[in-house]
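# Summary of the model geometry
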Amino acid sequence: MEIIRSNFKSNLQKVYQAIEEADFFAIDGEFSGISDGPSVTALTNGFDTPEERYQKLKKKERYIVISKVDEEERKRREQQKHAKEQEELNDAVGFSRVIHAIANSGKLVIGHNMLLDVMHTVHQFYCPLPADLNEFKEMTTCVFPRLLDTKLMASTQPFKDIINNTSLAELEKRLKETPFNPPKVESAEGFPSYDTATEQLHEAGYDAYITGLCFLSMANYLGSFLSPPKIHVSARSKLIEPFFNKLFLMRVMDIPYLNLEGPDLQPKRDHVLHVTFPKEWKTSDLYQLFSAFGNIQISWIDDTSAFVSLSQPEQVQIAVNTSKYAESYRIQTYADYVGKKHEEKQIKRKWTEDSWKEVERKRLNTQCISYALQNHYHHANSLTSTSTVGKRNLSPSPAEAALETRISGEISDTELEQTESCAESLSEGRKKAKKLKRMKKELSPAGGLPGSPAKLFEVPDTW
């Protein structure tokens, strides 16, 4: 049965029942990406860190087209826009029930190259994506406690040596062959099945369907390593736990996945150089520059910079030394690049925090002094009350200015101490909040243990 907008409400109970009875869920949003601007390929780089990749995918671009219309046309467009937004809102609110039911079930959710699907689902049906990667990890594991990415699974042992192509269509075909045993799927009455012989790729429902088939084939293959072997491996088996909550990172050379349950892998990258050059340069210019260093890999960052990885780490310093006297380009090690970037980030953060603290201190002092002035005015007015009628001049009269000067000069030491205590209490409160947040982070399992080695997967002894 195909459930669409027109029959969604009438079949919602059937959807709930299916969620209740399911062992796992396979999803595919068929999203073009979280960004409305440049393509994901244009945004990303082969040496992105997980934090950089998250920030790039989270980034949204808006393009505004300006045109001149008359008043009647403007009103018509506004009405159309409002009607469309209302329709989208109703659909989102309705479908959010399904997403919440899946999340509340706590069951395994499976996707293929699913980072964008997860990001978009969290953003659309729960809350805006947080600015910090670690906050995104915590939020995602709260919404979906168990996720599994079949692209990562197929790219990892024991599958990577027998699966050459991990694109969804090719993976589905490969898993029908030896040594795999594809599952036999029988559809319930009234629910026609997809036919994999006639591909319907890039239709979200079909892609989700074959993602589920791929998972079953690979999970059952793991059962062959047991003694005695098992033909069927369930979605709750410990054999597949090593693949939980690790999302495939597309086109990152040396970090295969985003780890939702702890720190990400940190490769040394001691063979990588950061190069800046004129905007006119092309890839051929970079190949010519590094022609003496053998095989290289180039990952463009923007029009004037790129990462260049050398085949031998010992050649890095030689390359850096060659650029010391160059006028048109600069070369630095990856470590120096990261260090300078971190230093700039810290300076910017410190400047922002110090500026904010200064503004807040001034605001608080002004507030406390104003409160003290009000007490003085109130005290003076209680002795001598005067009233004026009509509009008041925004500028103080000479008498008012003299009174304000006199009163501000008469603020007692006690009132000044109150002013200072306001600032101190705010500062102390902020320190305590930061301390509690830090303690929570240290105690949180998602934060991981400092200094613990990050391994690709913990392989069961029976493998």
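Residues numbered from 1 in each chain as written. Predicted model: local features only at pLDDT ≥ 70, side-chain atom pairs only at ≥ 80, totals over all residues. Heavy atoms only, no water.

## Some details on unusual backbone geometry
Note that the residue after Thr178, namely Pro179, is joined by a cis bond; omega there is 10°. Structurally, the position occupied by Pro179 is in the loop between helix 8 (168-174) and helix 9 (204-222). Omega for the peptide link from Ser227 to Pro228 comes to -5°, which places this bond in the cis form. Note that Pro228 resides in the loop between helix 9 and strand 4 (246-248). (Helix = DSSP H or I, 4+ residues; strand = E, 2+ residues; numbered from the N terminus.)

## Description of the sheet that holds strand 1 (residues 24-26)
Within the open sheet, the three strands sit side by side as 1-2-3. Their pairing is parallel. One side of each edge strand has no neighbouring strand; the edge strands of this open sheet are strand 1 and strand 3 (147-149). Here the average twist between neighbouring strands, direction ignored, is 25°. Taken together, the three bridges between strand 1 and strand 2 (residues 108-111) define a ladder with parallel strand orientation. Along strand 2, the bridge assignment pairs Ala26 with Ile110. Its contacts with the sheet place helix 9 against strand 1, strand 2 and strand 3, and it is angled at close to 130° to strand 1. (Pairing = 2+ DSSP bridges. Axes fitted to C-alpha atoms, helices over the stretch in contact; angles between N-to-C directions. Contact = heavy atoms within 4.5 Å.)

## A short note on the sheet that holds strand 6 (residues 272-276)
Strand order across the open sheet formed by four strands is 7-8-6-9, with antiparallel pairing between neighbours. Looking at the sheet topology across the chains shown, the edges are occupied by strand 7 (296-302) and strand 9 (330-333). Ignoring strand direction, the axes of neighbouring strands in this sheet form an average angle of 25°. Judged from the five bridges that link them, strand 6 and strand 8 (residues 305-310) form a sheet pairing that is antiparallel. Looking across to strand 8, one finds that Val272 is bridged to Ser309.

## So, the confidence of the model for the protein
For the protein, per-residue confidence averages 77 on the pLDDT scale, and 67% of positions sit at 70 or higher. For residues 376-426, every residue scores under 50 in pLDDT, and the model assigns this stretch 26 contacts once sequence neighbours within four places are set aside. (pLDDT = per-residue confidence, 0-100.)

## Observations regarding the side chain of Arg174
Among the secondary structure elements, Arg174 is positioned in helix 8. A polar atom in the side chain of Arg174 sits 3.0 Å from the backbone oxygen of Ile162. Arg174 has contacts with Ile162, Ile163, Pro179 and Phe180, leaving out every residue within four places of it along the chain. (Polar contact = N/O pair within 3.5 Å; in protein donor to acceptor, adjacent residues only side chain to side chain.)

## A few points about the pairing of strand 8
A large share of strand 8 lies buried, amounting to six of its six residues. A two-sided burial pattern is seen for strand 8, the buried positions comprising Ser305, Phe307 and Ser309 on one face and Ala306, Val308 and Leu310 on the other. When strand 7 meets strand 8, the two strands line up antiparallel, connected through six bridges. Its bridge partner lying in strand 8, Gln297 is registered against Ser309. As consecutive antiparallel partners, strand 7 and strand 8 are separated by two residues. (Buried < 20%, exposed > 50% of the residue type's maximum accessible area, 1.4 Å probe, protein only.)

## What about the nonpolar core?
Leu115, Phe136, Phe144 and Leu147 are the most contacted members of the largest nonpolar core, which has 38 residues in total. Elements supplying a minimum of two residues to this core: helix 1 (12-21), helix 3 (50-58), helix 4 (71-105), helix 5 (115-125), helix 6 (133-143), strand 4 and strand 5 (257-259). No other element matches the six residues that helix 5 contributes to this core. Listed in part, the 28 residues of the second largest apolar core include Leu148, Met153, Phe159 and Leu222. (Core = buried A, V, L, I, M, F, W, Y, C linked by side-chain atoms within 4.5 Å.)

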